[in-house]
Amino acid sequence: MAPSTAPTTSSAITLHINGEKYTLPVDHRTTLLDALRERLDLTGTKKGCDQGQCGACTVLIDGRRAVSCLQLAVAAEGRAITTIEGVADGDRLHPVQQAFLDLDGYQCGYCTPGQICSALGALAEHAAGWPSAVTPDVRPEAGPPPLGAEEIRERMSGNLCRCGAYVSIVEAVARAAESRVEGAVEPQAEVIEERAV
């Protein structure tokens, strides 16, 4: 009988982040949040509660919102990850970022990266016609509901702001939604470059 070998607890993975490929060895228990902050020095994504409740670590994975503290890095391999560092188009701020800046949608700024990533996801969900818990008519033929304050508050409810900047956050998301309707151009995806870490 052959001796048994212990299962491996780490492996090399490739993460596609903000248009670049990063290949790195990780322990299988490493969260995406820790890989971003501790291994790749992408510290814009914040660690808040580390339990998936505050939303400070929100990133976009394949265009959808995800709390990176509950996502294992190995499970994100090969998927398109966008962190706050990848939202702007060079020196040009994304309309959501600009609205947060113009309308003071932040105070201390700690939750802001997660709020912005969540707003991007929420606006995409709304544009796709996804209802929220407060959408009055959820039939597909009804189309997207008006994006009023109640809809925005519900869609952003997974992100906490300890400073209480909620009024300005709602206004910023509403303004960003208006600029999207008026034809603001979204940043184009970058060509993926490979980096070994």
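What counts, and where the lines are drawn
Residues numbered from 1 in each chain as written. Predicted model: local features only at pLDDT ≥ 70, side-chain atom pairs only at ≥ 80, totals over all residues. Heavy atoms only, no water. Axes fitted to C-alpha atoms, helices over the stretch in contact; angles between N-to-C directions. Helix = DSSP H or I, 4+ residues; strand = E, 2+ residues; numbered from the N terminus. Parallel < 35°, antiparallel > 145°, perpendicular 65-115°, else oblique. Left-handed = near helix turned anticlockwise from the far one by under 90°. Contact = heavy atoms within 4.5 Å. Salt bridge = Lys/Arg side-chain N within 4 Å of Asp/Glu carboxyl O. Buried < 20%, exposed > 50% of the residue type's maximum accessible area, 1.4 Å probe, protein only. Core = buried A, V, L, I, M, F, W, Y, C linked by side-chain atoms within 4.5 Å. Disulfide = S-S within 2.5 Å. Expected span 1.5 Å × (residues − 1). Pairing = 2+ DSSP bridges.

### Focus: the packing of helix α2 (residues 95-102) against helix α3 (residues 112-127)
Now for step 1: Between α2 and α3, whose axes approach to 10 Å, the crossing angle comes to 130°. When the interaxial angle is binned, α2 and α3 end up oblique. The handedness of the crossing between α2 and α3 comes out as right-handed. Touching Val96, Gln97 and Phe100 of α2 are Thr112, Gln115, Ile116, Ala119, Leu120 and Leu123, all from α3.

### Concerning the pattern of salt bridges
Now for step 1: Summed over the entire model, instances satisfying the criterion amount to 10 salt bridges.
Now for step 2: Between Arg65 and Glu125 there is a salt bridge, and its shortest N-O distance comes to 2.6 Å. On the criterion of sequence distance, the pair formed by Arg65 in strand β4 (residues 64-67) and Glu125 in helix α3 is long-range, its members being 60 residues apart.
Now for step 3: Take Arg65: its relative accessible area is 26%, and that puts it in the partly exposed class.
Now for step 4: Of the residues examined, Glu125 reaches a relative accessible area of 15% and is grouped as buried.
Now for step 5: The residue Arg139 makes a salt bridge to Glu141 at a minimum N-O spacing of 3.4 Å.

### Here we look at the nonpolar core
Now for step 1: Val96, Phe100, Ile116, Met156, Ile169 and Val173 are the most contacted members of the largest nonpolar core, which has 24 residues in total.
Now for step 2: Residues Ile13, Leu36, Leu42 and Ile81 belong to the second largest nonpolar core, which totals 17 residues.

### Some points on the environment of Leu103
Now for step 1: By secondary structure assignment, the location of Leu103 is in the loop between α2 and α3.
Now for step 2: Along the primary structure Leu103 and Ile169 are separated by 66 residues, whereas in three dimensions their C-alpha atoms are 7.9 Å apart.
Now for step 3: If we skip the residues at most four places from it in the chain, Leu103 touches Ser168, Glu171, Ala172 and Arg175.

### Focus: the state of the cysteines
Now for step 1: By the definition in use, this model includes zero disulfides.
Now for step 2: Sulfur of Cys57: no disulfide; nearest cysteine sulfur belongs to Cys69 and is 3.8 Å away.

### As for α3
Now for step 1: End to end, α3 covers 22 Å across 16 residues, agreeing with the expected 22 Å (1.5 Å per residue, within 8%).
Now for step 2: Within α3, 14 of the 16 residues are buried, which leaves the element mostly enclosed by the surrounding structure.
Now for step 3: At the C-terminal side of α3, Gly129 shows a positive phi close to 90°.

### Thoughts on the pairing of strand β1 (residues 10-17)
Now for step 1: With eight bridges joining them, β1 and strand β2 (residues 20-27) adopt antiparallel strand pairing. Bridge pairing in β2 links Leu15 to Tyr22.
Now for step 2: Taking the residues that link successive antiparallel strands as the turn, the β1-β2 hairpin has two residues, and the phi of Asn18 there is positive, at about 50°.
Now for step 3: Sheet topology note: the β1/strand β5 (residues 80-82) ladder contains two bridges and is parallel. Its bridge partner being in β5, Ile17 is matched across the sheet by Ile81.

### Quick word on unusual backbone geometry
Now for step 1: Its identity is not glycine, yet Asn18 carries a phi of approximately 50°, on the positive side.
Now for step 2: Within the element layout of this structure, Asn18 appears in the loop between β1 and β2.
Now for step 3: Judged by relative accessible area, Asn18 falls into the buried class, the value being 15%.
Now for step 4: The phi angle at Asp104 is positive, at roughly 55°, despite the residue not being glycine.
Now for step 5: Tracing the backbone through its elements, the reader meets Asp104 in the loop between α2 and α3.

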